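Observations on the three-dimensional arrangement
So the chains spell out like this:
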Amino acid sequence: MQSKLSNHIVQGFLLAIIATLLWSGNFIIARKVSNVISPISLAFYRWACASLVLFPFAYKKVYSELNHLKANWKILSLIALTGIALFNTFVYVAGHNTTAINMALIGTTSSPIFATIMAVVFLKERLSFYRIIGMILCILGIVLLISKGSWEVLLSFKFSSGDAWILAGAFAFAVYNILVRRKPIQISALSFLLIIFVLGTLMLFPFFIIEQSIVKKSIDWSNSLIGSILYLGIGTSVLAFWCWNLAISKLGAGRTVLFGNLIPIFSTLEAVLILGEAITPIHFYSGILVIGGLVIANFTFTNK
């Protein structure tokens, strides 16, 4: 019995690690292809790819739950807008103006702070002392990263445009996390994912057309770019969500969410190894503060 239980937990750990490893690549791709494809086009092709890949596995569920989906079209549209259309598009815009390391650290750490604040304000959640301490540590880590350890930069409040875009994306994803809690239980996970993927793609389509008319530059399709879009559509969209949901079923949501702290670590390592970005002591210290803060906040929260 103990052996089976241990295997069950180990499987959950591995699935959660795979999901975070896949998600961490999103920031690397955003930076890597920033010179060959515009951000809205990248987002559009990613979610169109994800929708096509998921469709054969989910369309029967969608058909059987059509009445529930129609009855909840407003909340589903808001979820798709914030989590699919806005969040990743802002990340890809940021990829043109900041490093993958900064995107990973700022994007994956500021979003839980935004979500916590909104949960307190709108959902009337109560914060424990340790969760507040964890939030403060996360904020200090983000401030240290953005300021590059300089009081002059901090006092001047000058952020790069890329850092501002990634913060906007983090805010959109925080709103998404709040809205997801209102997903009706009658809608299955597969139907939910396919619908928000499709809705997000449709929302992006008009802006994709507008961007194409403004840029007036054809995309230079290459094996590298096609592979990147397939990775985003299949890896970071379909597979990552599937692994994450399975991990939650094996470990529980509270324990699984801790693995999100691995994303900035994986992204930093990938940025150094793949993109050749330089890692500085500031990245190291800010990462310690942020990850330490998230562990303190989440560990205390899940053991209440």
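Quick notes on helix α4 (residues 73-94)
Between the first and last C-alpha of α4 there are 30 Å, a value that for 22 residues agrees with the 32 Å anticipated at 1.5 Å per step. Along α4, the helix axis deviates most sharply at Leu81, where the bend reaches about 35°. Most of α4 sits out of view: 17 of its 22 residues are buried.

Examining the nonpolar core
Counting residues in hydrophobic clusters, the biggest one holds 57 residues, and the most contacted among them are Phe192, Ile196 and Phe197. Sorting the residues of this core by element identifies α1 (2-32), α2 (39-64), α4, α8 (161-180), α9 (189-215) and α10 (223-251) as the ones contributing at least two each. In this structure, Phe192 is in contact with Leu76, Ile79, Tyr176, Val180, Lys183 and Ile187, ignoring residues within four places of it in sequence.

Notes on helix α12 (residues 262-275)
Compared with the 20 Å implied by 1.5 Å per residue over 14 residues, the 19 Å span of α12 between its first and last C-alpha is a close match. Considered for burial, the residues of α12 that qualify are Ile263, Pro264, Phe266, Ser267, Thr268, Glu270 and Ala271. Of the residues one or two after α12, Gly276 is the one with positive phi, at around 75°.

Quick look at the environment of Leu230
With respect to the secondary-structure elements, Leu230 resides in helix α10. Sequence separation between Leu230 and Cys49 is 181 residues; the distance between their C-alpha atoms is 7.0 Å.

Digging into the packing of α2 against α4
Between α2 and α4, the shortest axis-to-axis distance is 8 Å and the interhelical angle comes to 135°. Judged by the angle between their axes, α2 and α4 are oblique. For the pair α2 and α4, the sense of crossing is right-handed. Residues Pro39, Ile40, Leu42, Ala43, Arg46 and Trp47 of α2 form the contact with α4, whose own contacting residues are Ile84, Asn88, Thr89, Tyr92 and Val93. Considered class by class, the residues forming the contact of α2 with α4 number eight nonpolar, two polar and one charged.

Details of the side chain of Ser188
Position of Ser188 among the secondary structure elements: in the loop between α8 and α9. Since its relative accessible area comes to 17%, Ser188 is described here as buried. In contact with Ser188, not counting residues within four places along its chain, are Lys61 and Glu65.

A word on the packing of α2 against α9
Helix-helix packing is described using two parameters, namely the angle between the two axes and the distance between the axes. Close contact between α2 and α9 brings their axes to 7 Å; oriented N to C, the two are set at 150°. Comparing their axes, α9 and α2 come out roughly antiparallel. Here α2 and α9 pass one another in a crossing that is left-handed. Taken together, the residues of the contact of α2 with α9 sort by class into 24 nonpolar, five polar and two charged.

Conventions used here
- Residues numbered from 1 in each chain as written.
- Predicted model: local features only at pLDDT ≥ 70, side-chain atom pairs only at ≥ 80, totals over all residues.
- Heavy atoms only, no water.
- Helix = DSSP H or I, 4+ residues; strand = E, 2+ residues; numbered from the N terminus.
- Expected span 1.5 Å × (residues − 1).
- Bend = angle between axes of the 7 residues up to and from the residue.
- Buried < 20%, exposed > 50% of the residue type's maximum accessible area, 1.4 Å probe, protein only.
- Core = buried A, V, L, I, M, F, W, Y, C linked by side-chain atoms within 4.5 Å.
- Contact = heavy atoms within 4.5 Å.
- Axes fitted to C-alpha atoms, helices over the stretch in contact; angles between N-to-C directions.
- Parallel < 35°, antiparallel > 145°, perpendicular 65-115°, else oblique.
- Left-handed = near helix turned anticlockwise from the far one by under 90°.
- Nonpolar A, V, L, I, M, F, W, Y, C, P; charged D, E, K, R; others polar.

So far we have only geometry, and geometry alone does not tell us how the molecule works.
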